[in-house]
Amino acid sequence: MASERHLSRRSLLGRTAAVAAGTAGLTAAAAGTASAATRDVDVAIVGAGLAGLTAARDLVAAGRTVAVLEARDRVGGRVVGLNLAGGGVTEGGGEFIGPTQHRIKALADSLGVATFATYNSGKNLLYKDGKKTPYATDGLLGAVPPVDAAGLANAAIVQASLNDMAKQVPVDAPWTAAKAEEWDRQTFESWLRANAVIPSAKFLLDVACTSIFSAEPRELSLLFVLFYIAAAGDASNPGTLERLTETGTGAQQLRFVGGSQLVPVKLAASLGDRVVLSAPVRTITRSGGGYVVTADGITVNARRVVVAVPPPLAARIQYDPLLPAGRDQLTQRLPMASVGKAIAIYDTPFWRADGLNGQVVSDTGVISSTFDNSPPDASYGALMGFIEADKARELDAASEAEVRAAVLKDYTTYFGEKAASPSSFVLQRWNNEGYTRGGPVSIAAPGVLTQYGPALRKPVGGIHWAGTETSTYWMGFMDGAVRSGERVAKEVLAAL
């Protein structure tokens, strides 16, 4: 199955110590900090991730005044750099971009953040039933995992069926698809059980699911999965499952020189003290013809408000008057998926000498997919693994030492004894991140899209909604976040 060429959505990237220092310096140099103050602006924006910052950029360019209120002491939201003990930074959040992700690429280009090809040379590894098998990434049919022929044939049929069904889902309103009710009545798990009838095919689709969504198939509506596939494209290129999963020709094609957090850092720097850090928003209150947005240490009076945070976090803000029941019910039903990233650092990317590219698909352990996220010059080696869905939840309460031991056990199984002794180890656990509580994206169970979907982007009075979950194309990705920021800025400008 071509899509098994890479079953991971996200990876990490080493950076120089100088870049790390520049990123950390944003707090003091390129953004304001919350203080006992009141600001009067045209638009208050909640959240300084890619969506909120993009909206702010476009509104400022149109001559409007803005204040961006960010709960964390940094910008970027689900895009973050992690400092390494030996110097440099590796990424703990969103990183990759690929074909048809035009808006994040254009934003990065405008800020002078270059890209380079993701490392994809050498063979993948399949670890299944206690057996480790290398397989090529560049065959006639792409990377084909060495499972039984019947399983591969079944998986190919399932993949084609999903792509065909996804073509019938409007990306701007998936709940209006002709078969929306039928598809939204069932989980992805129930559909797979009826269609991926060969055990090895079910295994491949299960790993694809957890790698794309960080959720188990039983947690997802089939309609939501089909929408996500449909959204992996643009107006000229229909979305496909392959584009979600592949490396060389898919969503993992490129990485950012210096790391993806450079994009929001540089964007925030261009906005200066319009961005206020350490200012979690508590209340949004209608007042006269505008709104009063109250955050820790600062109050903003605004004509319009953009809420650009994940739906579950948007629901934790107190609104006066109350939001319509449909909007509130929607946010109650869009939980974050469950994900962590574990990165082991080595003196060299030693697996490359063995002809491996660092990518693993596994049926065991806490890490079922890995990636080589060494820096472009290979000045050190970095193995990254995703801890996802059930495995992530099982380890939520574990100590970092316990997680490290479990991860390194898996890495040693896949890559040999050299993997057992990294020079350093870093961990990002999004489930335990106070202003995210999971990742990479909110997910929808059966019945959510058809019953509550129309409230996803619909403004409530002068409150507008942004964030990658509101995007039509590339929902769940950095590109979707940028698209949502551009869309909401136009929406607000039309209303002012």
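Residues numbered from 1 in each chain as written. Predicted model: local features only at pLDDT ≥ 70, side-chain atom pairs only at ≥ 80, totals over all residues. Heavy atoms only, no water.

Chemist: Help me get a handle on the overall build of the protein chain, residues and values and all.
Modeler: From N to C terminus, the protein chain includes 17 helices and 20 strands. Relative to the 2.2 N^0.38 estimate, which gives 23 Å for 496 residues, the radius of gyration of the protein chain is 22 Å and therefore close to what a compact globule would have. The 496 residues of the protein chain split such that 61% are buried. Intrachain contacts of the protein chain at a sequence separation of at least 6 include 76% that bridge at least 24 residues. Taken as a whole, the protein chain presents about 17,400 Å² of accessible surface, with 52% of it coming from carbon and sulfur. Of note, the protein chain has its 47 positive side-chain charges centred 3 Å away from the centre of its 46 negative side-chain charges. (Helix = DSSP H or I, 4+ residues; strand = E, 2+ residues; numbered from the N terminus. Rg over C-alpha atoms; globule rule 2.2 N^0.38 Å. Buried < 20%, exposed > 50% of the residue type's maximum accessible area, 1.4 Å probe, protein only. Contact = heavy atoms within 4.5 Å. Areas by Shrake-Rupley, 256 points an atom, 1.4 Å probe, with all protein chains shown as cover. Lys, Arg positive; Asp, Glu negative; His and termini not counted. Charge placed at Lys NZ, Arg CZ, Asp CG, Glu CD.)

Chemist: Would you mind going over the environment of M165 in detail, with residue names and values included?
Modeler: Summarising the element assignment, M165 is placed in helix α5 (residues 149-166). Under the relative-accessibility criterion, M165 is labelled buried at 13%. Separated by 256 residues in sequence, M165 and S421 have C-alpha atoms that sit 46 Å apart. If we skip the residues at most four places from it in the chain, M165 touches W183, W191 and L226.

Chemist: Tell me about the pairing of strand β18 (residues 381-388), and please be specific about residues and values.
Modeler: The buried fraction of β18 is high, at eight of eight residues. Of the two faces of β18, the one carrying G381, L383, G385 and I387 and the one carrying A382, M384, F386 and E388 are both buried. Of the strand pairs in this sheet, strand β15 (residues 339-346) and β18 are connected by eight bridges, and their pairing is antiparallel. Note on β18: the bridge partner recorded for K341 is F386. Pairing of strand β17 (residues 369-372) with β18, which is carried by three bridges, proceeds in the antiparallel orientation. What sits directly across from F371, in β18, is M384. (Pairing = 2+ DSSP bridges.)

Chemist: Could you give me a rundown of the sheet that holds strand β7 (residues 123-128), with the residues and numbers involved?
Modeler: An order of β8-β7-β16-β17-β18-β15-β19 is seen for the seven strands of this open sheet, with the pairing classed as mixed. Among the strands making up the open sheet, the edge pair consists of β8 (131-135) and β19 (424-429). Going across the sheet, the axis of each strand differs from the next one's by a mean of 20 degrees, ignoring polarity. Here β7 runs beside β8; their pairing, made up of five bridges, is antiparallel. In the sheet register, L125 faces β8, and the bridge partner there is P134. Docked against the sheet, helix α8 (residues 199-213) engages β7, β16 (356-362), β17 and β18, running at close to 110 degrees with respect to β16. Of the strands in this sheet, β7, β8, β15, β16, β17, β18 and β19 touch helix α15 (residues 400-415), which is tilted by about 115 degrees from β19. (Axes fitted to C-alpha atoms, helices over the stretch in contact; angles between N-to-C directions.)

Chemist: Hey, could you go over the packing of aromatic side chains for me, with residue numbers and the actual values?
Modeler: Across all of its chains, the model carries 14 aromatic pairs by this definition. Their ring planes at 55 degrees and their centres at 4.6 Å tell us that F213 and Y228 sit as a pair that is tilted. Of this pair, F213 sits in helix α8 while Y228 sits in helix α9 (residues 222-230), and the two are 15 residues apart along the sequence. Each member of the pair, F213 together with Y228, is buried. Taken together, a centroid distance of 5.2 Å and an interplanar angle of 85 degrees make the contact between Y346 and F350 edge-to-face. For F350, a relative accessible area of 9% corresponds to the buried category. Between the NZ or CZ atom of R352 and the centre of the ring of Y119, over which it lies, the distance is 3.7 Å. (Phe/Tyr/Trp six-rings, centres within 6.5 Å; stacked < 30°, edge-to-face > 60°. Lys NZ or Arg CZ within 6 Å of the ring centre and 35° of its normal.)

Chemist: Give a detailed account of the pattern of salt bridges, specifying residues and quantitative values.
Modeler: If you walk through the whole model with that rule in mind, you get 20 salt bridges. Here R72 and E70 are joined by a salt bridge, their closest N and O atoms 4.0 Å apart. By the burial criterion, R72 is buried, and E70 matches it. E433 serves as the salt-bridge partner of R72, at 3.2 Å between the closest nitrogen and oxygen. Of this pair, R72 sits in the loop between β3 (66-69) and β4 (81-83) while E433 sits in the loop between β19 and α16 (448-452); the two residues are 361 residues apart in sequence, bridging distant segments of the chain. According to the relative accessible area criterion, R72 is buried, its value standing at 8%. Relative accessible area serves as the criterion here: at 22%, E433 is assigned to the partly exposed category. Residues participating in the shared-partner salt-bridge network are R57, D58, R103 and E486. (Salt bridge = Lys/Arg side-chain N within 4 Å of Asp/Glu carboxyl O.)

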